[in-house]
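Structural overview for review
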Amino acid sequence: MSTATNEGRGRRMGGAAGGTPSTAAHALLPSPEPVQLVDPEGHPHPDDRYPLPDGDRLLGAYGRLIAGRRINDQANALVRQGRLAVYPSSHGQEACQVAAAVVLGDEDWLFPTYRDTVAVITRGVDPLEVLTLLRGDWHAGYDPHEHRVATQATPLATQLLHAVGVAHAAKLRGESTVVLAMCGDGATSEGDFHEALNFAAVFHVPVVFFVQNNEFAISVPLKNQTVAPSLAHKAIGYGMPGERVDGNDLAALLAVLGAAVDRARDGGGPSLVEAHTYRMQAHTNADDATRYRSADDVERWVLKDPILRMRTYLKTLDLLTEESEQAFAADADATAAVIRKGLNTEVEVNPTELFEYVYTEKTSQLREQAALLREELARDADAAAAGTDGSMEGDQR
Amino acid sequence: MTQTTEAPAPGTTLPDAGAAPAPRATTFAKALNAALADAMEADAAVLMFGEDVGPLGGVFRITDGLTARFGEERCFDTPLAESGIMGMAVGMAMNGMKPVVEMQFDAFAYPAFEQVVSHVAKMPNRTKGKVRLPIVIRIPYAGGIGGVEHHCDSSEAYYAHTPGLTVLAPATVRDAYFMLREAIASPDPVVFLEPKKLYWSKEEVDLAELRRTYDDGEAPRRIGRAVVARPGTDATLISYGPSVPTALAAAAAAAEEGRSIEVIDLRSIVPFDDETVCASVRRTGRAVVVAEAPGFASVASEIVARVQERCFHSLAAPVLRVTGFDIPYPSPKLEHFYLPSVDRILDAVDSLQWED
Ligand SMILES: Cc1ncc(C[n+]2csc(CCOP(=O)(O)OP(=O)(O)O)c2C)c(N)n1
Ligand SMILES: [Mg+2]
């Protein structure tokens, strides 16, 4: 690669302009330790690069944190009651969930995974529409354009390239949109993760890659995914800055993700933020985490809970009053009640919809198949009316 | 997301009556687990790797206990990357190993597609047989388990359409054991499709007996050999993998209505057993193919074409298909509208021009 190219890249990156390749590279490196602004005991932990967000902002986000925990609890309960097919909980990761949503403006886009239900709801998507996927009525229950939230991605890391595409189009269209794309630690091993970072850097598009490192990919611990010094270090290989942040520190997340979003919006290009957090519960309700980790490991992270430290911090500063705590709790209860009520109501599924959206216009084959199913259903209905067992599933006629 | 699944408890662990091993209720999952263990025991070149197959034992527990028994070098977790898993398997097979890899779910095998199609399938042919790739790609596949999107694809046609791949789909506990052993022993790459909904189905078998039978070379070959799962005289249902139990249930229901239906369990999609299938159809004169995958350009289509070409003069009616609709696999609450049902099969049988 010629020097000219390196200088060109350096200028585009900002910050490292004009430096030798090694100082340019140095500028892309993450902090040696994850950025922390409030420690687990709730004490401030000043950092000259990242000022503490102001009290109002923190208080507002704290309210969302309380709601986020409540959403996780409620969804877990609904799985136990058989109302949801499955729920990948973000219990313990709520600070990441809230921060990812609240650092974005209305013109921005969020690209979440299956684990990021709380982030999606925090961004304003109707909780019942979000939970459609996990309830099993349809694959995606909300319109991605309405709140600029992509569908929750299950095939790992694939959504990161879509995020790059949305950002690239926004750039071509002259929009000021920033895209925040989420993935887990395990997903960083997929090829698509690497292709997305490289594309974003080469096209210099406004994407913030937000990796929630919760130390596990189902049963596989991080040490089996990578021997890099950190996941944030991977950014440098693609020519973008990486940063590490305490993923249970809401204040630090708001500051670090906020800076990455600002930087992207100001034309600074993509960056990667790795939040160090922990998956407190099993991968999903169907997983048995005792097979691969000890209760002690989990216990250690209880003390680092994101809610605990923020509550202490806000109380010490007299920012969190008895009334606001009650208001937040009432708010969280109200959200949980909406979810509970909605999911306890049987929704009518419409089987003829199966053929409606495969193509913009139904093929003649699909029209035929839809007619066949309608006929079957009508026959079943007649049989049911006549009191015989004509149900499609019935293995006897 | 992946729905990891514990085998449902009821009846799974029967109280051990005595010391002597005897036929006991054994799940499809357990038979696969035993086949892997026995193959690893028999041949040190056999390795098992993939996602969560180590200490966890796989999300369906098919590799349960293998790491503990054979060590981390023989059964291990890789970084989370299917293309990586498949590509590394190619290299390992080039250097004396017999890798068995697990793709966690059907739809999560797609990142490995490039490796499968361009290398796994083609390498032996490109090198005029100088490089053989004895790889087994295990894929928990198909639906009927209430799984959310990307967990229920019937992907057999992609593989069956790719020359160079052997494609198997067992439907019984015994076949699960013998076919996996045979797949591992095969010098050619095998795509081994494990119907998820059958993982917890049970048969009375003695796993030690199966092992002896296989090791003594007494197990009849299954690759390329279909089997008559239920004899009959009036019509033939041709099926494989997850649809076999549905076809058998349809045959049982038809018997109550006075119709004798033969059911063929293909077991091996590629190589395809024209002989067994056609012999049956020539005898019965009528046939319906039952498969869960969307019907358009499917394995079911291929079967119909082959039967039509070979048995035309014996046929009393066109060969029909009962398949999934040509739509993406539905969400849990809608899947029963999609899956081939006993009623749909019986309807198809009814329309085989019995009056003529
Ligand atoms: C391409 C692909 N391969 C495998 C899976 C199955 N799977 C679902 S979640 C998961 C673990 C992901 O771990 P991580 O990225 O760390 O996210 P986390 O679940 O911890 O939030 C796996 C292997 C998948 N969804 N997609
Ligand atoms: Mg993880």
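Everything that follows concerns the structure shown earlier in this document.
Residues numbered from 1 in each chain as written. Chains lettered and ligands numbered in written order. Predicted model: local features only at pLDDT ≥ 70, side-chain atom pairs only at ≥ 80, totals over all residues. Heavy atoms only, no water.

**Things to note about the overall build of chain A**
As a reminder, the rule being used: Secondary structure is summarised from DSSP: a helix means a run of H or I of at least four residues, a strand means a run of E of at least two, and numbering begins at the N terminus for each. Restricting the calculation to C-alpha atoms gives the radius of gyration, and the globule rule supplies 2.2 Å times the number of residues raised to the power 0.38. The rule is simple: take the accessible area with a 1.4 Å probe, protein chains only, and divide by the maximum for that residue type; under 20% is buried, over 50% is exposed, in between is partly exposed. Working definition of accessibility: Shrake-Rupley area with a 1.4 Å probe, residue cover restricted to the visible protein chains. In this tally, Lys and Arg are treated as positive and Asp and Glu as negative; His is ignored, and so are the chain termini. Charged side chains are reduced to one point each, which is NZ for Lys, CZ for Arg, CG for Asp and CD for Glu.
Tallying secondary structure elements over chain A gives 15 helices and 7 strands in all. The C-alpha radius of gyration of chain A comes to 24 Å, within 12% of the 21 Å expected for a compact globule of 397 residues. For chain A, the spread of C-alpha atoms along the three principal axes comes to 80 × 55 × 40 Å. Per-residue burial over chain A gives 52% buried out of 397 residues. For chain A, the accessible surface area stands at approximately 17300 Å², while carbon and sulfur atoms represent 53% of it. One finds the centroid of the 36 positive side-chain charges in chain A at a distance of 3 Å from the centroid of its 56 negative side-chain charges.

**Concerning the overall build of chain B**
Selection criterion: Contacts were defined at the residue level, with two residues in contact if any of their heavy atoms lie within 4.5 Å.
Regarding its fold elements, chain B presents 13 helices and 14 strands. In terms of overall dimensions, chain B is globule-like: its C-alpha atoms have a radius of gyration of 20 Å, near the 21 Å expected for 356 residues. C-alpha extents for chain B along the principal axes are approximately 65 × 55 × 45 Å. In chain B, which comprises 356 residues, the proportion classed as buried is 60%. Counting contacts in chain B only where the partners sit at least 6 residues apart, residues at least 24 apart contribute 81% of the total. Distance from the positive charge centre (33 side chains) to the negative charge centre (47 side chains) of chain B: 5 Å.

**Focus on the sheet that holds strand β10 (residues 235–239) of chain B**
All names here are of chain B. Keep this limit in mind: Pairs of strands are assigned from DSSP output, requiring at least two bridges between the strands. Comment: axis = line fitted to C-alpha atoms, over the contacting stretch for helices; angle = value between 0 and 180 degrees taken between N-to-C directions.
Taken in spatial order, the 5 strands make up an open sheet running β9-β11-β10-β13-β14, and their pairing is mixed. Strands at the two margins of the open sheet, each flanked by one partner only, are β9 (227–230) and β14 (320–324). Neighbour-to-neighbour, the strand axes of the sheet open up by a mean angle of 30°, direction not taken into account. Note that β10 and strand β11 (residues 261–265) share 5 bridges and pair parallel. Bridge pairing links T236 to E262 in β11. Against the sheet, helix α9 (residues 244–256) makes contact with β9, β10 and β11, and its axis sits at roughly 170° relative to β11, the strand it touches most.

**A short note on the pairing of strand β7 (residues 190–195) of chain B**
Residues and elements named next belong to chain B. This is how it is decided: Whether a crossover is right-handed depends on one test, that the path from the first strand over the helix to the second runs clockwise when the strands point away from the viewer.
Summarising burial for β7: 6 of the 6 residues are buried, a large majority. Here β7 shows two buried faces, one formed by V190, F192 and E194 and the other by V191, L193 and P195. Here 6 bridges tie strand β5 (residues 136–141) to β7, and the two strands are oriented parallel to one another. Counterpart to I137 in the pairing with β7 is V191. Here strand β6 (residues 166–168) runs beside β7; their pairing, made up of 3 bridges, is parallel. Across the sheet, the residue bridging to L168 is F192, located in β7. Considered for its hand, the β-α-β crossover made up of β6, helix α7 (residues 173–185) and β7 is right-handed.

**Focus: the sheet that holds β7(B)**
Residues and elements named next belong to chain B. Across the sheet, which stays open at both edges, the 7 strands sit in the order β3-β2-β4-β5-β7-β6-β12 with mixed pairing between neighbours. Every interior strand has two partners, whereas the edge strands, β3 (75–77) and β12 (268–270), have only one. Each strand of the sheet is rotated relative to its neighbour by a mean of 20°, with strand direction disregarded. Note that strand β4 (residues 98–102) and β5 share 3 bridges and pair parallel. Note that in β5 the partner of V101 across the bridge is I137. Along the sheet, α7 contacts β2 (46–50), β4, β5, β6 and β7; its crossing angle with β7, the most-contacted strand, is approximately 160°.

**A look at the nonpolar core**
Heads up, the condition is: We define a nonpolar core as any set of buried Ala, Val, Leu, Ile, Met, Phe, Trp, Tyr and Cys residues linked to one another through side-chain atoms lying within 4.5 Å.
Counting 66 residues, the largest nonpolar core has A:L180, A:F210 and A:M310 as the members making the most contacts within it. Discounting chain neighbours no more than four positions away, the residues touching A:F210 are A:C96, A:A100, A:L180, A:A181, A:M182, A:C183, A:L253, A:L257, A:V273 and A:A275.

**What about the interface of chain A and chain B?**
Rules: The term buried area refers to how much accessible surface (probe radius 1.4 Å) is lost by two components on association, counted for both of them together. Basic side-chain nitrogens of Lys or Arg form a salt bridge, by our definition, when they fall within 4 Å of a carboxyl oxygen of Asp or Glu. Pairing of N or O atoms within 3.5 Å defines a polar contact, subject to two protein rules: one partner must be a possible hydrogen donor and the other a possible acceptor, and residues neighboring in sequence count only if both atoms are side-chain atoms. Under the convention adopted here, Pro, Cys and the residues Ala, Val, Leu, Ile, Met, Phe, Trp and Tyr are nonpolar, Asp, Glu, Lys and Arg are charged, and Gly plus all remaining residues are polar.
Listed per partner, the contact involves 54 residues of chain A and 47 residues of chain B. Both sides together, the interface formed by chain A and chain B hides about 4400 Å², and carbon and sulfur atoms give 58% of it. Counting across the interface, chain A meets chain B through 5 salt bridges. For A:E376, the salt bridge identified is with B:R344, shortest N-O distance 2.7 Å. Where chain A packs against chain B, one counts 13 residue pairs in polar contact (both at pLDDT 80 or more). Of all the secondary structure elements, the ones that give two or more residues to the side of chain A that touches chain B are α7 (132–135) and α15 (364–385) of chain A. Broken down by class, the residue content of the side of chain A that touches chain B amounts to 25 nonpolar, 17 polar and 12 charged.

**Quick look at the coordination of the magnesium ion (ligand 2)**
Rule in force here: Donors, by definition, are the N, O and S atoms found within 2.8 Å of a metal, the threshold being 3.2 Å for Na, K and Ca, and water is not counted, so a site can look incomplete.
Here the magnesium ion (ligand 2) is held by A:D185 (OD), A:N214 (OD1) and A:F216 (O), and the distances to it run 2.0 to 2.1 Å. Its relative accessible area of 10% is what places A:F216 among the buried residues.

**Some words on the pattern of salt bridges**
Should the charged atoms of two oppositely charged side chains come close, the side chains can pair. For the structure shown, the criterion picks out 38 salt bridges over all chains. Between B:D43 and B:K98 there is a salt bridge whose closest N-O contact spans 2.6 Å. Here B:K98 lies in strand β4 and B:D43 lies in the loop between α1 (28–42) and β2, a separation of 55 residues in the sequence. According to the relative accessible area criterion, B:D43 is partly exposed, its value standing at 23%. The exposure class assigned to B:K98 is partly exposed, which follows from its relative accessible area of 26%. It is possible to trace a salt-bridge network through shared partners that takes in A:R83, A:R135, A:D137, A:E346 and B:K333.

**Comments concerning the packing of aromatic side chains**
Worth spelling out the cut-off: Ring pairs are drawn from Phe, Tyr and Trp, using the six-membered ring of Trp, whenever the two centres fall within 6.5 Å, and their geometry is named by plane angle: stacked under 30 degrees, edge-to-face over 60, tilted for the rest. Consider the ring centre and the ring normal. A charge sits over the ring if Lys NZ or Arg CZ is within 6 Å of that centre and within 35 degrees of that normal.
Taken as a whole and judged by the stated rule, the model has 21 aromatic pairs over all chains. Aromatic side chains B:Y177 and B:F178 sit 5.4 Å apart centroid to centroid with 85° between the ring planes, which places their arrangement in the edge-to-face category. Under the relative-accessibility criterion, B:Y177 is labelled buried at 0%. Owing to a relative accessible area of 4%, B:F178 belongs among the buried residues under this scheme. Positioned above the aromatic ring of A:F216, the side-chain terminus of A:R293 is 5.2 Å from the ring centre. Between the NZ or CZ atom of B:R286 and the centre of the ring of B:W354, over which it lies, the distance is 4.0 Å.

**What about empty space enclosed by the protein?**
A water-sized probe, rolled over the atoms, reveals where empty space remains. Applicable threshold: Cavity means a closed set of points on a 1 Å grid over the protein atoms alone, one where a 1.4 Å probe fits but cannot get out, pocket means an open set with protein on both sides within 12 Å along at least 5 of 7 lines, and lining means a residue has an atom within 4 Å of a point. Grid points are joined across faces, edges and corners, and a volume is the space filled by probe spheres set on the points.
Counting across every chain of the model gives 2 cavities of 30 Å³ or more. There is about 40 Å³ of room inside the largest cavity. The wall of the largest cavity is formed by A:V130, A:L133, A:H139, A:A140, A:G141, A:Y142, A:T151 and A:Q152. Looking at side-chain class alone, the lining of the largest cavity contains 4 nonpolar, 4 polar and no charged residues. Taken as a whole, the second largest cavity spans an internal volume of roughly 30 Å³. What lines the second largest cavity is simply B:E156, B:A157, B:Y240, B:A291, B:A293, B:P294, B:S298, B:V299 and B:A300. At the level of secondary structure, the elements contributing two or more residues to the lining of the second largest cavity comprise α6 (156–160), β13 (287–294) and α11 (299–311) of chain B. By residue class, the composition of the lining of the second largest cavity is 7 nonpolar, 1 polar and 1 charged.

So, to be careful, I would describe these as geometric facts and stop short of saying anything about function.
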